[in-house]
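The lines below spell out each chain.
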Amino acid sequence: MCGIIGYVGSENALPIIVKGLKKLEYRGYDSAGIALFGAAGFDVVKQKGTLSALEERLAGSTLSSFMGIGHTRWATHGEPSDINSHPHVGSKGRIAVVHNGIIENYRQLRERLTKRGIDFVSQTDSEVIPQLAEYYYDGDMLDTVVKVTNALGGSYALGFMCVDEPGTLIAVKKDNPLIIGVSEHGNFIASDVPAVLRHTNKVYYLDDAEIAVLTKDGVRFYNQDKDPVTKTPETVTWSVDSAEKGGWPHFMLKEIMEQPKIMRDTIRAAAEQAYLPNPGAAAGGLDVANFDKLVITACGSAYNAGVVAKYVFERLCRIPVEVELASEFRYKDPIVDERTLVILVSQSGETADTIAAMREAKSKGAVTLSIVNVVGSTISKEADHCLMTLAGPEIAVATTKAFSAQLVVLYTLAVGFAVRLGKLTPEQGQGMLEEIESLPEKTETILEQVDAIQKYASECIVYKSIFFIGRNIDYAIAMEGSLKLKEISYIHSEAYAGGELKHGTISLVEENTLVVAIGGCERLHGKIMSNIEQVISRGAKVLFIGNSREDDMGGKLSFVAIPKVNELFSPSLSVIVLQLFSYYVAANKGLDIDKPRNLAKSVTVE
Ligand code: G6P
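How each quantity is defined
- Residues numbered from 1 in each chain as written.
- Predicted model: local features only at pLDDT ≥ 70, side-chain atom pairs only at ≥ 80, totals over all residues.
- Heavy atoms only, no water.
- 1 Å grid on protein atoms, 1.4 Å probe; cavity = no way out; pocket = protein on both sides within 12 Å on 5 of 7 lines; lining within 4 Å.
- Points joined across faces, edges and corners; volume = space filled by probe spheres on them.
- Helix = DSSP H or I, 4+ residues; strand = E, 2+ residues; numbered from the N terminus.
- Nonpolar A, V, L, I, M, F, W, Y, C, P; charged D, E, K, R; others polar.
- Near = heavy atom within 4 Å.
- Polar contact = N/O pair within 3.5 Å; in protein donor to acceptor, adjacent residues only side chain to side chain.
- Areas by Shrake-Rupley, 256 points an atom, 1.4 Å probe, with all protein chains shown as cover.
- Sits in = over half its atoms within 2 Å of the grid points.
- Salt bridge = Lys/Arg side-chain N within 4 Å of Asp/Glu carboxyl O.
- Contact = heavy atoms within 4.5 Å.

What follows covers the layout of surface pockets. Which parts of space are left empty comes out when a probe the size of a water molecule is rolled across the atoms. Taken as a whole, the largest pocket encloses approximately 750 Å³ of empty space. Listing elements by their share of the lining of the largest pocket, those giving two or more residues are α8 (300–317), α9 (326–329), β18 (340–346), α10 (352–363) and α16 (473–489). If you tally residues by element for the lining of the largest pocket, the top one is α16, at four residues. For the lining of the largest pocket, a count of residues per class yields 18 nonpolar, eleven polar and seven charged. Space inside the second largest pocket adds up to approximately 420 Å³. Surrounding the second largest pocket, 23 residues form its lining, T237, W238, L390, G392 and P393 being those nearest its centre. Looking at the lining of the second largest pocket element by element, the count peaks at three residues for helix α7 (residues 259–275).

In structure tokens form, the structure reads like this:
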């Protein structure tokens, strides 16, 4: 969490940094701040609240500099306040720092520095960094950064400026992402690519412990022994427009609407990477026949994609699949070995728990395969094999298009594995692939129903609690529907397996409770309809998302139709309705949909 940016070049750093921070706001929005290199020390402006509050403070500002750093915060240590905002400057006013991550030994460091007469002004863990840097500084910032990082425990992506070294910006990272962008007019550090896209598509991905020294004319890289390191820049294929709202009221709606296209792109790539010419052979020659079981581990919506995939892999491949929350997997001493394939699913490729789960799996000898959206991210680089989702930059905190892209990669992989294992003939596999390829067009027909879904959702803002039910794979996608709703609308919601209702949850159903029932599984249509009858007879109203309905149960049952498709792939269609439903409930409540309270998109701390 937290987004950092820095610029050194021939243009005024102030607007460049503020615009860059806008692209990083999804990483945290409790407070924001900037520090510019000025004639007499740093010009620092910090403001509690979202970036727009900082922009208001800066309105009409005449500040100008060739170099600066900026930060948008998701508070971990110390409440959101002006003083706790970054950048932090040491008490001598000589070194300014922006930090993303958590310094785990900050108490000890703070105590040591306090004993040496250094006064701290904030409650943050981050302030120890500039204080320590000023304490160590003896005329060589590169050397200082090495000493500082040797003393720090925890995770960090850092940007440093020093009053005594004008024109030099220094960056270093450990377990948090940092990219270096190089452009015609200057060079950048940033937490993520969209922050620099309008200036350049040439980026370096910094590795842990590497130090980047940026001037307006170039970038040099060093290791912890201060030996030069040679790195090659990569060209980002994301377009500038892909990270812009482009007339849509929210990124979330734009990203929902982009789904047919990104599904097409991702299916094509997945078919090439994971299906053709060798079904089931993901990049690097992975062979499913080498494994006794699969484990899928991830967080948030990516975990829900894993739950959907469990049904698909088990049904098609007849191989056992476990799905684990990465935050649990990492501490449970998991039973995995070299005959286990551990699949990591992550949009950002930087989620701290998923990274830790991957490292735990590798340390036990398991083979790892990642499904990631962000090129150059830690998980994409460290996993033994990687399949990319081609969702483009996703800005809204609540994922939509990246989730859909994860599903189609997982389906394609499952079909490939099934063919490789002889559970499907190549012809059957091809037929399945064609079903997957039909999803984008079917998604378009759902998006055409947007007005009806919006109208229905606008009437649902009165509910305090909404339940989501489904059976089998519909239960898996009900979990995502419930998560989406609670994330952005702040309405309490729970997902239940339809068959489990009678074991407790039905006691919560009363007059006018809303139950969203999902019926993409034709095989279980009769079963979910029985559940619907049970809740309606206890006073509930039901929104049914399925292929068909028999009647409207006395006006108690509303219906959104999804096109028919093999039930294993139907979550990709029901989820579109669920996303639109959540979006319009939140929109009708007038909420800040792209930046829901207390959440951040990229959870890079534990
Ligand atoms: C946050 C986001 C979710 C995302 C989850 C996992 O909670 O808001 O949308 O599913 O993190 O993130 P990842 O980048 O690993 O997919």
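Let us now look at the site of the ligand. In the vicinity of the ligand lie 14 residues, with S301, S346, Q347, S348 and T351 positioned nearest. Q347 has a polar backbone atom sitting 2.7 Å from an oxygen atom of the ligand. At 3.0 Å, a backbone N or O of V397 approaches an oxygen atom of the ligand. Its free accessible area being 380 Å², the ligand has 91% of it covered by the protein chains. Counting atoms within 2 Å of the grid points, the majority share of the ligand lands in the largest pocket. Examining the composition of the shell around the ligand, we find that three residues originate from one element, α8, more than from any other. Partitioned by chemical class, the residues of the shell around the ligand number five nonpolar, seven polar and two charged.

Take the pattern of salt bridges next. Tallied over the full model, the rule gives 37 salt bridges. The partner of E55 in a salt bridge is K22, with the nearest N and O atoms 2.9 Å apart. Here E55 is found in helix α2 (residues 51–58), whereas its partner K22 is found in helix α1 (residues 13–24), with 33 residues between them in sequence. E210 is paired through a salt bridge with K231; the nearest N and O atoms lie 2.8 Å apart. You can see E210 sitting in the loop between β11 (202–205) and β12 (211–215) and its partner K231 sitting in the loop between β14 (228–229) and β15 (234–235), a full 21 residues away along the chain.

This part takes up the environment of L152. For L152, the location among the structural elements is in the loop between α5 (141–151) and β7 (154–162). For the pair formed by L152 and V128, sequence separation is 24 residues and the distance between their alpha carbons is 9.1 Å. Look past the residues within four positions of L152 in its chain and what remains in contact with it is I103, N105, L109, V128, I129, L132 and L158.

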